[in-house]
Amino acid sequence: MVEAVLIDLFNLPVVFQNNMEGLLCNMLETIEKCSSVPAPFVYVMCCQMQESERKGEQDSLLQGLRDFQSLKKRLEVVHALTTAAALYAIKQRLDEKDISIIKIILPTLRKELMKVYIDHLFTPVYQFEFEDLQVASDCNNLQITEPQSEGQTLSMQDVALIRSEIQMYLESLPSLKGELTILKSSLIPDDIFLHGFTTRTGGISYIPTLSSCNLFSSSKRRDPQAVVKENLRRLANAAGFNPETFHKVKTDHANAVCIMGKTEPESYDGIVTDQKGVTIAAPGADCIPVLFADPVRKACGAAHSGWKGTLLGVSMATVNAMVSEYGCNVKDILVVLGPSVGPCCYKLPHESAQEFHRIDPKCVRHFDTATPYIDIRRATRILLESGGILPENIQDDSVTDQNQNITFCTACHPDKFFSHFRDGTDFGTQIGFISIKN
């Protein structure tokens, strides 16, 4: 069932705008007749005029819309300078109401354009259906019909212009929840490596559990790739790396490792490189983003280590890749565990907890309960040390000086970090990143 109707009047000629109130009245009546259940919310997308000579005309138009809104409280008119701005404003209204099923009524010539905007500003969480808007020249004969054809295909130039418009608009948005903050480890030498762990502040993502510097988009979340790309651009600008040479692991909660420069696996939780200026990264929203640096051979790595990846040995798999590919000595490799869910909060079913208990009984608290508390950081450290990493070359929450600690519990700090464990399925993601300086 359609939850909202979006009426696209953005490029409607002025001759129609002069009779906007009557047009909208007719349109709403048509929607009600065509719908078995009237849409609970209706959004009208209009262009905001810029020319000073048309200011009086615009004021008159907007006043007419305001009068209409007072009569139809389920209608909201959104006017903006660009389609991207108007559509993104409507997206925020939809997200506030947790609306996912939307009907768009629009001129036939706007349909293919609108699909490109939707592809960039929405995710598969949303479902859209389209109806053609046909308006007679006298504005008294309004028809809404099912589309007969897909219309003309857009050129590559048209698509590029839409992408540019979206990018420029997103770049203009203010940062939310404070300044962008990057945590750095004193263990990794900053004269050789550029690295850090992100927090949740300083981005533009506005959905509460994703706000604000979310760095991961998926088909199950409401934050689109365009917004994540803008968050990454702001991070890259603050950190000093090139977002065009940025590579993040394709998580599978396993132990495969990608070697930069070789054939990329379909999915992998570890990545290594010895290429200068290439930034590699691992996500984390409770799972551990782990960074690896060898200042002798000048190689680095990143791994995503959740409880499954920890048990499968993804961290040592990343170390082994650095050793085999770049001739690293395991005793030279530095390892930093980033913000992740701590043993204070994280629980697993008893069957899974048994696997951690076999690594070290101290990795499990309240072992005899149905859902014991698990310390995946301790398990990771033990497996790394067993593989030859020197204890002094690992930084985690065992650091005694809390001013130096960066392995905070993500679940315990909602102001600083995203947490799947705490926030549920529509959660944001931070990352750990590293590169070799030129």
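Residues numbered from 1 in each chain as written. Predicted model: local features only at pLDDT ≥ 70, side-chain atom pairs only at ≥ 80, totals over all residues. Heavy atoms only, no water.

Trainee: I'd love a proper account of the overall build of the protein chain, names of residues and values included.
Mentor: Assigned secondary structure in the protein chain consists of 12 helices and 19 strands. In the protein chain, which comprises 438 residues, the proportion classed as buried is 51%. Considering only contacts within the protein chain whose residues lie at least 6 apart along the sequence, 69% involve residues at least 24 apart. Element-wise, carbon and sulfur atoms account for 50% of the exposed surface of the protein chain, whose accessible area totals about 19,700 Å². (Helix = DSSP H or I, 4+ residues; strand = E, 2+ residues; numbered from the N terminus. Buried < 20%, exposed > 50% of the residue type's maximum accessible area, 1.4 Å probe, protein only. Contact = heavy atoms within 4.5 Å. Areas by Shrake-Rupley, 256 points an atom, 1.4 Å probe, with all protein chains shown as cover.)

Trainee: Give me the lowdown on the nonpolar core, citing residues and values where you can.
Mentor: Judged by nonpolar contacts, the single largest core of 39 residues is most densely connected at L87 and L170. Elements supplying a minimum of two residues to this core: β1 (4–8), β2 (41–47), β3 (75–80), α4 (83–96), β4 (101–107), α5 (111–121), α6 (156–172) and α7 (225–239). A per-element tally of this core places α4 first, with eight residues. With near-sequence residues (within four places) excluded, L170 lies in contact with Y88, I204, A226, V227, E230 and R234. If you look at the next biggest cluster of nonpolar residues, it comprises 35 residues, including A303, M316, A321 and V364. (Core = buried A, V, L, I, M, F, W, Y, C linked by side-chain atoms within 4.5 Å.)

Trainee: Break down the sheet that holds strand β7 (residues 182–183) for me, with residues and values.
Mentor: Two orientations exist for strands paired in a sheet by backbone hydrogen bonds: parallel and antiparallel. In space, the five strands of this open sheet follow the order β7-β8-β19-β12-β9, with mixed pairing throughout. This sheet does not close on itself; its edge strands, each paired only once, are β7 and β9 (246–248). When strand β12 (residues 279–284) meets strand β19 (residues 430–436), the two strands line up antiparallel, connected through five bridges. Within β19, the position partnered with A282 by the bridge is G432. (Pairing = 2+ DSSP bridges.)

Trainee: For the pattern of salt bridges, give the residues involved together with the corresponding values.
Mentor: Summed over all chains, the structure comprises 20 salt bridges. Residue D98 is joined to R222 by a salt bridge in which the shortest nitrogen-to-oxygen separation is 3.1 Å. Residue D98 is found in the loop between α4 and β4, and its partner R222 is found in the loop between β8 (193–198) and α7; the two are separated by 124 residues along the sequence. With relative accessibility at 55%, the residue D98 sits in the exposed group. R233 serves as the salt-bridge partner of E230, at 2.8 Å between the closest nitrogen and oxygen. In this pair, E230 and R233 are both assigned in helix α7, three residues apart and thus about one turn of the helix distant. Of the residues examined, E230 reaches a relative accessible area of 4% and is grouped as buried. (Salt bridge = Lys/Arg side-chain N within 4 Å of Asp/Glu carboxyl O.)

Trainee: Residue-level account of the pairing of strand β15 (residues 334–337), with values.
Mentor: The alternating pattern of β15 places L334 and V336 on one face and V335 and L337 on the opposite face, and all of these are buried. One ladder, built from four bridges, connects strand β13 (residues 288–294) with β15; its direction is antiparallel. Along β15, the bridge assignment pairs L291 with V336. Bridge count between β15 and strand β18 (residues 394–395): two bridges; the pairing is parallel. Counterpart to V335 in the pairing with β18 is I394.

Trainee: Tell me about the packing of α4 against α6, residues and numbers included.
Mentor: Packing of α4 against α6 leaves a shortest axis separation of 9 Å and a crossing angle of 60 degrees. By the angle between their directions, the pair α4 and α6 is classed as oblique. Crossing of α4 over α6 shows right-handed handedness. Note on element contacts: α6 touches α4 through E165, I166, Y169 and L170, opposite T83, A84, A85 and Y88. Classifying every residue of the contact of α4 with α6 by side-chain character gives six nonpolar, one polar and one charged. (Axes fitted to C-alpha atoms, helices over the stretch in contact; angles between N-to-C directions. Parallel < 35°, antiparallel > 145°, perpendicular 65-115°, else oblique. Left-handed = near helix turned anticlockwise from the far one by under 90°. Nonpolar A, V, L, I, M, F, W, Y, C, P; charged D, E, K, R; others polar.)

Trainee: So what's going on with α4? Residues and values would help.
Mentor: With 14 residues, α4 ought to run about 20 Å at 1.5 Å a step, and its terminal C-alpha atoms sit 20 Å apart, in line with that. A large share of α4 lies buried, amounting to 11 of its 14 residues. Turning to α4, its buried residues are T83, A84, A85, A86, L87, Y88, A89, I90, K91, L94 and D95. Once α4 ends, the next one or two residues include D98, with phi positive near 60 degrees. (Expected span 1.5 Å × (residues − 1).)

Trainee: So what about the environment of I182? Which residues, and what values?
Mentor: Among the secondary structure elements, I182 is positioned in strand β7. Its relative accessible area of 25% is what places I182 among the partly exposed residues. Measuring from C-alpha to C-alpha, the distance between I182 and T201 comes to 9.4 Å, with 19 residues separating the pair along the chain. Once residues lying within four places of it in the same chain are set aside, the contact partners of I182 are H195, G196, F197, L235, A238, A239 and F433.

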